[in-house]
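Commentary on secondary and tertiary structure
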Amino acid sequence: MGIKLHDQTLRDAHQSLLATRLRTEDMLEVAPLMDEVGFFSVEVWGGATFDAAMRYLAEDPWERLQKLKERFKKTPMQMLLRGMNLVAYRNFPDDVVTEFVRLAKKNGVDNFRIFDALNDLRNLEVPIKAVKKYGGHVQGALSYTESPVHTVEYYVEHFKKLAEMGCDSLVIKDMAGIISPQRARDIVAGVKKAGIDLPLELHSHCTSGMTEMAYMEAVHAGVDILDTAMSPFSNGVSQPPTESVVAALQGTPWDTGYDFELLMRIREKLVLVWNKYRHLHEETILRPDPGVLEYKIPGGMMSNMLSQLKSMNALDKLPAILKEVPVVWKEFGYPPLVTPLSQIVGSQAVANVLSGERYKLVQKETKDYLRGMYGKPPAPIDEEVLEKVFGPSWKDEIITVRPADLLEPELEKRREELKSMGLIKKEEDVLTYTIFPDVAVRFFKGEIRPEFTSKDLPLKKKQFEVEVEGNTYKVRLD
Ligand code: CO
């Protein structure tokens, strides 16, 4: 049976390559043509795009969704939902999660890819139930990583449970782009052999340079769907190119049957879009970096750490920090390095090195993680670390229930707050405000100025070098 593709151009690919800055009007330009291809789905919403649209582009993410829905008439639109974190980085109570899903569905999301950074399946119960309730397709995702606990059996067992929880399809979510051909084959074959009778998808990034090979092995092992991005937005820390995967499978039993000429027409349009955003192009993230296999550090996490170090004038500490990351990672119970855990592990490694004493500085988010407020870590957290952070009675600090069980309902309170400010124009605004209160208020008041509008493009590169009296200085333009 033919393989289907799930195109990521309008979500993950520009999040990975253009700092999530693709404006809605450029998406609308290509959407009607993309709708003709016959993709399994197109991912267009969620992840970091909700926040970034508002914060940097002064766009209402709900309006983007509605406008895309008008153009994707045949292709299911997918969003990436970070479990109880929705499209942010903290846990929300059940009432907020359920209402968010209702409105996402109402405004145009058909398929919900739901994951929990820790693969703590308790964190997926409420969002899965909500998607089912409102008639959406649930794609259950497992964050992929490699550690002594993340074995093939681990993935097969967790997928089995996701199937029992009512998922409609399943996905291996390799956000760091580290999956090897052998691992891809083993997990896919394992899932199929276990008789889990749901479409299985592989989501990866080209970061390691092995991804196309991993995709082929996954195909041979029986994967049903692959995540790709149109070529101008592909490769590097993004997905493998849609057109190339289509071509590679032509004339095989896995032929997608997609119209290659149509894809070339979409490509032509997207090349122009890509060139418009040249001020955001970063050469380093357009190339594979097999270094990711050594440190298992996803591209986004690396660039966060680099900008953190740059702002502290401590780039020379990078080698020591790269050694510290895997140590912290192990002590923290091997959490998959996806948002927000990648930031938690990364910041702690930076703090451990720069402060000169391990765990002398610990951020609030990190303490929350260590307490179990994000969910159950894949392996137990190092007790010495817990004692160092919380003192001798650290056991009293740790929770064992589902984190959201400790949260009070929040929606009505937020609705009243926003109403009293006179800022509710539509019911979605309450959710926007609940999830990102500060940005939302500024946005509703019209105080956010877009970094750029479409007619400002192309802009000059954000960073350039100047020479003054023989010295070279890097200047940032923001
Ligand atoms: Co991704």
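Anything mentioned here points back to the structure above.
Scope of this entry: the structure provided in the associated data block. Small disclaimer: the values here were computed from a predicted structure and weren't measured.

A look at the packing of aromatic side chains
- By the definition in use, this model includes 17 aromatic pairs.
- With 5.0 Å between their ring centres and 75 degrees between their planes, Tyr-154 and Tyr-155 make a pair best called edge-to-face. There is no split in this pair, since Tyr-154 and Tyr-155 are both buried.
- Centroid distance Phe-233 to Trp-274: 5.4 Å. Interplanar angle 75 degrees. Geometry classified as edge-to-face.

Here's the deal with the pattern of salt bridges
- Per the counting criterion, the structure on display carries 40 salt bridges.
- Of the charged contacts in the structure, one is a salt bridge between Asp-51 and Arg-55, with a shortest N-O distance of 2.9 Å. Here the residue Asp-51 and the residue Arg-55 both occupy positions in helix H3 (residues 49-57), the gap between them amounting to 4 residues, near one helical turn.
- Classification of Asp-51 by relative accessible area gives buried; the value is 9%.
- Linking Arg-402 and Asp-405 is a salt bridge whose minimum nitrogen-to-oxygen distance equals 3.0 Å.
- Members of the salt-bridge network, linked through shared partners, are Glu-99, Arg-102, Lys-106, Glu-427 and Glu-428.

Looking at the side chain of Glu-324
- Examined against the element boundaries, Glu-324 turns out to sit in helix H15 (residues 318-331).
- For Glu-324, the contacting residues outside a window of four places in its chain are Ala-349, Asn-352, Val-353 and Arg-358.

Focus: the coordination of the cobalt ion
- Protein-derived coordination of the cobalt ion comes from Asp-12 (OD), His-203 (NE2) and His-205 (NE2), at a distance range of 2.0 to 2.1 Å.
- What makes Asp-12 buried here is its relative accessible area of 5%.

Some thoughts on the sheet that holds strand S6 (residues 169-173)
- With respect to topology, 8 strands assemble into a closed barrel ordered S1-S2-S3-S4-S5-S6-S7-S8, the strand pairing being parallel. Ignoring strand direction, the axes of neighbouring strands in this sheet form an average angle of 30 degrees.
- Sheet topology note: the strand S7 (residues 200-203)/strand S8 (residues 225-228) ladder contains 2 bridges and is parallel. By the bridge assignment, Leu-202 is partnered in S8 with Leu-226.

Considerations on the nonpolar core
- The biggest cluster of nonpolar side chains holds 112 residues, and the ones touching the most others in it are Trp-45, Phe-100 and Phe-159.
- Formed jointly, this core draws a minimum of three residues from each of two domains, domain 1 (4-283) and domain 3 (411-437).
- Listed in part, the 39 residues of the second largest apolar core include Met-175, Ile-297, Ile-321 and Phe-390.

Here we look at the side chain of Thr-211
- When you line up the elements, Thr-211 lands in helix H9 (residues 211-221).
- In this structure, Thr-211 is in contact with Gly-177, Ser-204, His-205, Cys-206 and Pro-240, ignoring residues within four places of it in sequence.

Quick notes on the rules
Residues numbered from 1 in each chain as written. Predicted model: local features only at pLDDT ≥ 70, side-chain atom pairs only at ≥ 80, totals over all residues. Heavy atoms only, no water. Phe/Tyr/Trp six-rings, centres within 6.5 Å; stacked < 30°, edge-to-face > 60°. Buried < 20%, exposed > 50% of the residue type's maximum accessible area, 1.4 Å probe, protein only. Salt bridge = Lys/Arg side-chain N within 4 Å of Asp/Glu carboxyl O. Helix = DSSP H or I, 4+ residues; strand = E, 2+ residues; numbered from the N terminus. Contact = heavy atoms within 4.5 Å. Donors = N, O, S within 2.8 Å, 3.2 Å for Na, K, Ca; no water. Pairing = 2+ DSSP bridges. Axes fitted to C-alpha atoms, helices over the stretch in contact; angles between N-to-C directions. Core = buried A, V, L, I, M, F, W, Y, C linked by side-chain atoms within 4.5 Å. Domains from an automatic or database assignment.

Purely spatial values, then, with no claim about function.
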